[in-house]
Amino acid sequence: MARADAGGSDDEPREIRLVENPDGQWTARDLQVEVSAQGATRSAALENLDAVVEAVTGDGGHEPTDEELRDLGVDPERARTQDDDLPDVLQ
């Protein structure tokens, strides 16, 4: 088990569990936020975990770009003109 800084909170250290899976992949788990991420290397698993923690705690993420919407099969112009209804792909 590893400990890392909490990213801004000195009161509570961030506790992370890092495990090598039987298939050679790595899983990193943040024990306070209770989320996990995988990667091909230990470093990749930890980077992926940081991204997940940022997204879950509200510090990460972004509005989808037109290209990201198209990759999901959503027409960006149509999505912008809809009321509060979710696009079909998200229902």
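About the thresholds
Residues numbered from 1 in each chain as written. Predicted model: local features only at pLDDT ≥ 70, side-chain atom pairs only at ≥ 80, totals over all residues. Heavy atoms only, no water. Helix = DSSP H or I, 4+ residues; strand = E, 2+ residues; numbered from the N terminus. Buried < 20%, exposed > 50% of the residue type's maximum accessible area, 1.4 Å probe, protein only. Pairing = 2+ DSSP bridges. Expected span 1.5 Å × (residues − 1). Arc of directions from axis to C-beta. Contact = heavy atoms within 4.5 Å. Salt bridge = Lys/Arg side-chain N within 4 Å of Asp/Glu carboxyl O.

1. Details of the environment of Pro13
Relative to the elements of secondary structure, Pro13 occurs in the loop between strand E1 (2-4) and strand E2 (14-20). For the pair Pro13 and Gln32, spaced 19 residues apart in the sequence, the C-alpha separation amounts to 9.4 Å.

2. Structural notes on the pairing of strand E4 (residues 35-39)
If a strand is regular, its side chains alternate between the two faces of the sheet. Here E4 shows a clear split, with Val35, Ala37 and Gly39 buried on one side and none of Ser36 and Gln38 buried on the other. Between strand E3 (residues 26-30) and E4, which pair antiparallel in sequence order, lie four residues; one of them, Glu34, sits at a positive phi of approximately 65 degrees.

3. A look at helix H1 (residues 42-56)
The end-to-end C-alpha separation of H1 is 21 Å, in line with the 21 Å expected for 15 residues at 1.5 Å each. Along H1, the residues classified as buried are Ala45, Leu49 and Val53. Along the axis of H1, the buried positions cluster into a sector of 70 degrees, meaning they face one direction only. In this structure, the buried side of H1 is in contact with E2, E3 and E4. Once H1 ends, the next one or two residues include Gly58, with phi positive near 90 degrees.

4. Here we look at the pattern of salt bridges
Opposite charge on two side chains permits them to pair, given that their charged atoms come into close proximity. Overall, the coordinates contain two salt bridges when judged by the stated rule. The partner of Asp30 in a salt bridge is Arg14, with the nearest N and O atoms 2.8 Å apart. One end of the pair, Asp30, is in strand E3; the other, Arg14, is in strand E2, with 16 residues separating them in the sequence. Close ionic contact of Arg14 with Asp50 constitutes a salt bridge, the shortest N to O distance being 2.8 Å. With a gap of 36 residues between them, Arg14 in strand E2 and Asp50 in helix H1 connect regions that are remote in the sequence. Take Arg14: its relative accessible area is 15%, and that puts it in the buried class. Counted as one network, the salt bridges with shared partners bring together Arg14, Asp30 and Asp50.

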